[in-house]
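Breakdown of the fold
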Amino acid sequence: MHGTDIRLARLFDDASGRSLITAYDHGQSFPLGARSGPPRRTLEQIVAGGPEGVLLTPGMLAQHADLFARRGAPSVVLRADWTLLDEPDKHELGERYRVLVDPAEAVALGADAIVMYLIARPTDGGMFADNVAAVAKAAQQASRAGIPLIVETTLWGLRNEDRKDPERLATVSRIAAELGAHAIKTEYVGDPDVQRGIVETVGDLPVLTLGGARGDDEAVAAAAEGAIASGARGLIFGRNIWQADDIVATTRRLSAVTHGRTEDDAR
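What comes next is a walk through the structure. The shown structure was predicted, so the numbers you read here are calculated from the model rather than taken from an experiment.

Here is what the cut-offs are and how they apply
- Residues numbered from 1 in each chain as written.
- Predicted model: local features only at pLDDT ≥ 70, side-chain atom pairs only at ≥ 80, totals over all residues.
- Heavy atoms only, no water.
- Pairing = 2+ DSSP bridges.
- Helix = DSSP H or I, 4+ residues; strand = E, 2+ residues; numbered from the N terminus.
- Axes fitted to C-alpha atoms, helices over the stretch in contact; angles between N-to-C directions.
- Contact = heavy atoms within 4.5 Å.
- 1 Å grid on protein atoms, 1.4 Å probe; cavity = no way out; pocket = protein on both sides within 12 Å on 5 of 7 lines; lining within 4 Å.
- Points joined across faces, edges and corners; volume = space filled by probe spheres on them.
- Nonpolar A, V, L, I, M, F, W, Y, C, P; charged D, E, K, R; others polar.
- Buried < 20%, exposed > 50% of the residue type's maximum accessible area, 1.4 Å probe, protein only.
- Right-handed = clockwise from strand over helix to strand, strands pointing away.

**Here's the deal with the sheet that holds strand β2 (residues 53–56)**
- Read around the closed barrel, eight strands run β1-β2-β3-β6-β7-β8-β9-β10, paired in parallel fashion. Each strand of the sheet is rotated relative to its neighbour by a mean of 25°, with strand direction disregarded.
- Strand direction decides the pairing type here: strand β9 (residues 207–210) and strand β10 (residues 234–237), joined by three bridges, are parallel. The residue bridging Leu208 from the neighbouring strand is Gly234, located in β10.
- Relative to the sheet, helix α9 (residues 217–229) contacts β9 and β10, its axis offset from that of β10 by approximately 145°.

**Regarding empty space enclosed by the protein**
- Under the counting rule described, the total for this entry stands at one cavity of 30 Å³ or more.
- Computed from the structure, the largest cavity encloses a volume of approximately 50 Å³.
- In terms of lining, the largest cavity is formed by Arg214, Asp217, Val220, Ala221, Asn240, Thr250, Arg253 and Leu254.
- If you list the elements that add at least two residues to the lining of the largest cavity, you get α9 and α11 (247–259).
- Residues belonging to the lining of the largest cavity are distributed by class as follows: three nonpolar, two polar and three charged.

**Things to note about the environment of Pro122**
- Residue position: Pro122 is located in the loop between β6 (113–119) and α6 (125–145).
- What makes Pro122 buried here is its relative accessible area of 1%.
- Along the sequence, Pro122 and Asp66 sit 56 residues apart, while their C-alpha atoms lie 38 Å from each other.
- Non-local contacts of Pro122, meaning those with residues more than four positions away in its chain, are made with Glu95, Met127, Phe128, Gly157, Leu158 and Arg159.

**Concerning the pairing of β9**
- Residue alternation in β9 divides its side chains into two sets, Val207 and Thr209 and Leu208 and Leu210, and both sets are buried.
- Sheet analysis places strand β8 (residues 183–186) next to β9, joined by three bridges and oriented parallel. Residue Thr186 lies in a different strand from β9, and its bridge partner there is Thr209.
- Taken together, β9, α9 and β10 constitute a β-α-β crossover, and its handedness is right-handed.

The structure is reproduced here in structure tokens:
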């Protein structure tokens, strides 16, 4: 096995073959506000919940590396790029995309995997072309460095009216697979049968679905169950975990859904 295969396998539970990753990379691209609280306190609770991985920015990893520097800690998944996620900012400042960390730098920082966006249908087609080129280059670099690249395929470009259009999500996910992604992170479209088509489009690559904005607990659990039923290999949920009243309990509940276990088993 190549180093990429070894690190990717570590992200998935041995018994279920699935993964729950908590995303905590929002502060780099999203206005969290003064009431978001100390990041370390939030990260301590995220880690205590026991997900397979935590998605972080380089700065958050540097400040809180000790939380991951022990056997049994969640794997570190590093956000390697940047875009504007706040809709008013995108309209006011224009759509932007930049790569911030290359795969070799991510390995040096202690990451087990990296995540990069592939954002379909921005206003400027040149942005999408540059994004495609950046992902293709990173895929090659990641294979050389021995670290898996998870491509987050989205319809966040301003030309999209429906961010969960299954045909367009399938198209951009297939593009990511063709570029050399080792795994895909994408939207759950709300119907397991329709989602299965997206999952199948990328072949043997593991697909993990994102959680999006904070929602009702029952709706979030239903979306998680639907994603797993569609054949997704796991979840990468952020605000629906770390904005919850009880981060640890919410993580364990979603972990149980992910792995097909009871909540007591997830403790």
